[in-house]
Each structure stands twice: as C-alpha cells, then as structure tokens.
Amino acid sequence: MEQLNQLISDFASYAWGLPLLILLIGGGLYLLILSKFLPFRYLGHALQVLRGKYDDPNDAGEISHFQALTTALSSTIGMGNIAGVAVAISIGGPGAVFWMWISAVVGMSTKFFTSTLAIMYRGKDSHGKIQGGPMYFIVEGLGKKWKPLAVFFSLCGLVGALPVFNVNQLTQAINDILLVPNGVETGFSSNLIIGIVLVVITSVVILGGLNRISKVASKLVPSMVLLYFVLVLFILIVNYDVVPKYFVMIFTDAFAATNYKGDSFLGGVVGGLILLGIRRGAFSNEAGIGTAPMAHGAAKTNEPVREGLVAMLGPAIDTLLVCTLTALAILVTGVWQTTDANGVSLTASAFGNAMPGVGKYLLLICIAVFSISSLFSYSYYGTKCMSFLCGADNKHYYNYIYIASIIMGATTSLAMMINLIDGFFALMAIPTMTATLIMAPRVIKEIKSYFRRLHESKDV
C-alpha cells in the first residue's frame, strides 16, 4: 500500500509540473488579455442572465442558466473549499491563499471561454441528444482528426470524476466531529458503514438523471453557501482584532521562500508555493479542467456568450468568496499553528475553537451537504465521458463503478485520494486548454457579434 501511495504521489507531482502551470495560468492570462478583461467588464450583465432575464424555454438544452451554474458549483463548492484550503495552508502557510486567488481571477476567463465553446460546438450522442463539454467541442470545433484528444479527455474524466476525495473527507469529518468525541470507536467498519449510507443516498439521486441532479443542487447549494458565509462571518467578528494582520499576511507570505514554521519550503523556492496555491485553486474551482463545461453545455440557451458569462461567476463564488472565508477562519483562530490536523479536521478545529460545542456540528452540516451535492454532479460528468466513449446505451454502467468507488473513498487514506484526483485533473486540463487556446479567436468573434446584437436591441 505504501508503494502504491508513493507511485500515485509521484504521478500527481509529475502531472502538475511547470508545463501544466504554464498551460493553465499562462493560457488563462492570454485569454484574459485577448478578451480585453471581458469577465470583469460584464459582471452586471452576467448576473442579469443568471436571474433569468433572457431565458427562452424554446432554446435548445436541458436545464436553466441558474441550474447549470448550481450544478457546476455543487461539484466545485465542496471539499476543495473546506479541506483543500486547509491542505494548502497546512503545507504552505497563508501565502498559498494568494496564489489560489490568482488562479481564480485567471480561472474566470478560462471558464468563460471553455463554457462558451461548450455551447458553440455542442455535439450529439449516439441517441441523437444534444450534449456539450470539452470532448464535444474538440471534435465539433476542430474536426474528426482531433478525436484522439477528445478520447484522452474522456478517459481521464472517468477517473477524475470519481468522488473519492469528497467521500474520504466527509468520512474523516463524521469520524472527527461526530463519532470520536461521543466515544464511538472508528476504524474500517465504521468507515464502511458511512460509505454504504452515502451509496444509498447517492444512488437515489444520480439514477434519476440530470434533471433530478440539477433540481436538488439548485436547492441545496445556495442555502449552504449562505449558512457557511454566516458561520465564518461570526468567526471573523469574534476574532476581529487579528483579521487585518492575517489578511495582510496572505499577501506578504505569498513571496516568502519559507513556510510559517520558518523551515525551507519546497526547497526554499517561491515557485513551489505558487504551484501549491494554483494546484489547490484549480482543484477548488476546476477552471481549465473541463468538468464545468459539461454542465454548462446542457443549459437551455442558443447564445454561447451568455452561458460563458454565467460560468465565469463560478470561480468568483467558489474561490474568491468561499475559499477566502475558509482560509480566514483557519488563520484568525490560530489553529493552523497549534495543531497537526490536516484537511477537513483543521477547518473543524477552527470552527470548534470559535464556537465551542456547536461550531463543529454546524460545519458538519455544511460539509455533508457540500459533499453529497458534489457526489451528484460528478456522476453526471463521468456518465457523459462514458457516453462519449462507449455510446449513450452504456453510460449507466459508469454509475455502478462510481457507486463502488464511494466505498473505496471512505476506507482509504487522504493522501492517496487527493493525489489520484489531482493527477487526473491535470491530465484533463491538457486537452481542454489546448483546444480552448486554438479556438479562442472564434470565441472573440462570437463575443463581438453577441454584444453588437444586444446593443442594437438596447438590451444591455
């Protein structure tokens, strides 16, 4: 098991090397400049689209803009925000958060382009049903000769969409917050029981298809973000005197070559800290990875730019808002310096410190809803990859693999699970970003056409 752990760790480190960093961040910056900072210039219009101002029930697609965003968010607002941020801070200190922010700002432009392409170049599955996502916009936009790239994305997506990290961290949270403090013995048996309960809940929703997934997500996600926001706000108010100090530290430590304990960090190279922050940021908001365009590609719209504008709100809500709240909660309570806890346990320590007795349980409610809602969305992504590779008739087989992997996630180590998903996310980014950069000029042409028509109709 130790050898397998090391092998998966080496694979993730290799996949997240400098070439991928250049592709994700360099590519995202190129898209941001190419679009003349469009994601930030049309935030107001994006919110109008999200509220349904331009919805047309006769447009092609399966779900509304709002449902597409909440389906995408239900997979990204999850353990990446609560456990992923804690992992980043425990390894790299406050400075890692700054690089997560950079990843989010650049990620907004990447999400805009990938999700616009998901609508521009929708394809059809073997049942003739309209589908969107990187595998479809690669084949439809670049031609059949690029199909191997689409197949590579889909194969990596089969593993990248497995819920093992979310399940692993939810199990750890239930053990640390609920079972251990109440004298319940934890181990393989208790983890297996948690896994089986999650299998039952997940099966009921995912076997109902996208419409059921999007309906559940659109109800659960906004209310949990609000509850989480209120809880962290309380923590910040209680510790208001140190908030400015730690907020400044996020910036000052971003360029430090040592970690918070003063040890040489990743060989004393600031680049190591940048890589850590961007890797955790990408894990959190998935910009450039290619999962969100699969949800946005199913939106009811004939205007690709509108869906791109809605999609770009994802990294802003996910990383700039939710991840920052988690980071500040961990920093201001001081638990990152006083405990060896990692992942979700570190965040739980912060909530327990600020709200003795009740804090950890309220966090557990948020964790449970975030994790379970992300289980629903990831299954949809995996079945889309399976459908592309093996035909729509066979896509349901993925759900059985997916459900079985929940047991694996509940009974294995955090390090193995996070490295496994990290590595395959990195591989998924290669075809997604390559195709997006090649077709970026076509998106610019679409942007100009869209806003010209909007201005003519005096609707913006």
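All figures in this text were calculated on a predicted structure; none of them were measured in a lab.

Some words on the overall build of the protein
Link 1 in the chain: When helices and strands are counted, the protein shows 22 helices and two strands.
Link 2 in the chain: Burial status across the protein gives 61% buried among its 460 residues.
Link 3 in the chain: Long-range pairs, those at least 24 residues apart, make up 82% of the contacts in the protein with a sequence separation of at least 6.

A short note on the packing of helix α17 (residues 313-332) against helix α19 (residues 344-354)
Link 1 in the chain: Remark: α17 packs on α19, axes separated minimally by 9 Å, with the N-to-C direction vectors making an angle of 65°. Looking at the two axes, α17 sits roughly perpendicular to α19. For α17 against α19, the interelement crossing comes out left-handed. Residue-level contacts link T326, A329 and I330 of α17 to L346, T347, A350 and F351 of α19.
Link 2 in the chain: Per-class residue counts for the contact of α17 with α19 are five nonpolar, two polar and no charged.

Details of unusual backbone geometry
Of all residues except glycine, most have a negative phi; of all peptide bonds, most are trans.
Link 1 in the chain: The residue K36 is not glycine, and still its phi comes out positive at about 55°.
Link 2 in the chain: Examined against the element boundaries, K36 turns out to sit in the loop between α2 (18-34) and α3 (38-41).
Link 3 in the chain: One non-glycine residue, F37, lies in the positive phi region at around 60°.
Link 4 in the chain: Among the structural elements, F37 can be located in the loop between α2 and α3.
Link 5 in the chain: On the basis of relative accessibility, which here comes to 43%, the residue F37 falls in the partly exposed class.

Section: helix α16 (residues 304-311)
Link 1 in the chain: Burial runs high along α16: eight of the eight residues are buried.
Link 2 in the chain: Among all positions in α16, only P304, V305, R306, E307, G308, L309, V310 and A311 are buried.

Here we look at the confidence of the model for the protein
Link 1 in the chain: Averaged over the protein, the pLDDT score is 82; the fraction of residues at 70 or greater is 86%.
Link 2 in the chain: Taken together, the stretch residues 258-268 has pLDDT below 50 and engages in 21 contacts with residues farther than four places along the chain or on a different chain.

Some points on the nonpolar core
Link 1 in the chain: Ranked by size, the top nonpolar core spans 140 residues in total, and within it F112, Y228, L309, F351 and F451 carry the most contacts.
Link 2 in the chain: When sequence neighbours within four positions are dropped, the list of residues in contact with L309 reads L38, Y42, H45, A46, F112 and F451.

With respect to the environment of N394
Link 1 in the chain: Examined against the element boundaries, N394 turns out to sit in the loop between α20 (359-390) and α21 (396-411).
Link 2 in the chain: Judged by its relative accessible area of 29%, N394 falls in the partly exposed class.
Link 3 in the chain: Sequence separation between N394 and T383 is eleven residues, and the spatial gap between their C-alpha atoms is 8.9 Å.

Considerations on the pattern of salt bridges
Link 1 in the chain: Counted under the stated rule, the structure contains one salt bridge.
Link 2 in the chain: The closest approach of N and O atoms between R453 and E303, which form a salt bridge, is 2.6 Å. Taken together, the residues span a long stretch of sequence, with R453 in helix α22 (residues 414-456) and E303 in the loop between α15 (292-296) and α16 at a distance of 150 residues.
Link 3 in the chain: By relative accessible area, which is 34% here, R453 ends up partly exposed.
Link 4 in the chain: For E303, a relative accessible area of 15% translates into the label buried.

Here we look at the packing of aromatic side chains
For any two aromatic rings, the description comes down to two numbers: the centre-to-centre distance and the angle of the planes.
Link 1 in the chain: By the definition in use, this model includes 15 aromatic pairs.
Link 2 in the chain: Measuring from ring centre to ring centre gives 5.7 Å for F98 and F251, while their planes differ by 65°; the resulting arrangement is edge-to-face. Of this pair, F98 sits in helix α7 (residues 95-120) while F251 is found in helix α13 (residues 243-252), placing the two residues 153 residues apart along the sequence.
Link 3 in the chain: Owing to a relative accessible area of 37%, F251 belongs among the partly exposed residues under this scheme.
Link 4 in the chain: Ring centres 6.0 Å apart and planes at 45° place the aromatic pair Y398 and Y402 in the tilted group.

Definitions and limits used
Residues numbered from 1 in each chain as written. Predicted model: local features only at pLDDT ≥ 70, side-chain atom pairs only at ≥ 80, totals over all residues. Heavy atoms only, no water. Helix = DSSP H or I, 4+ residues; strand = E, 2+ residues; numbered from the N terminus. Buried < 20%, exposed > 50% of the residue type's maximum accessible area, 1.4 Å probe, protein only. Contact = heavy atoms within 4.5 Å. Axes fitted to C-alpha atoms, helices over the stretch in contact; angles between N-to-C directions. Parallel < 35°, antiparallel > 145°, perpendicular 65-115°, else oblique. Left-handed = near helix turned anticlockwise from the far one by under 90°. Nonpolar A, V, L, I, M, F, W, Y, C, P; charged D, E, K, R; others polar. pLDDT = per-residue confidence, 0-100. Core = buried A, V, L, I, M, F, W, Y, C linked by side-chain atoms within 4.5 Å. Salt bridge = Lys/Arg side-chain N within 4 Å of Asp/Glu carboxyl O. Phe/Tyr/Trp six-rings, centres within 6.5 Å; stacked < 30°, edge-to-face > 60°.

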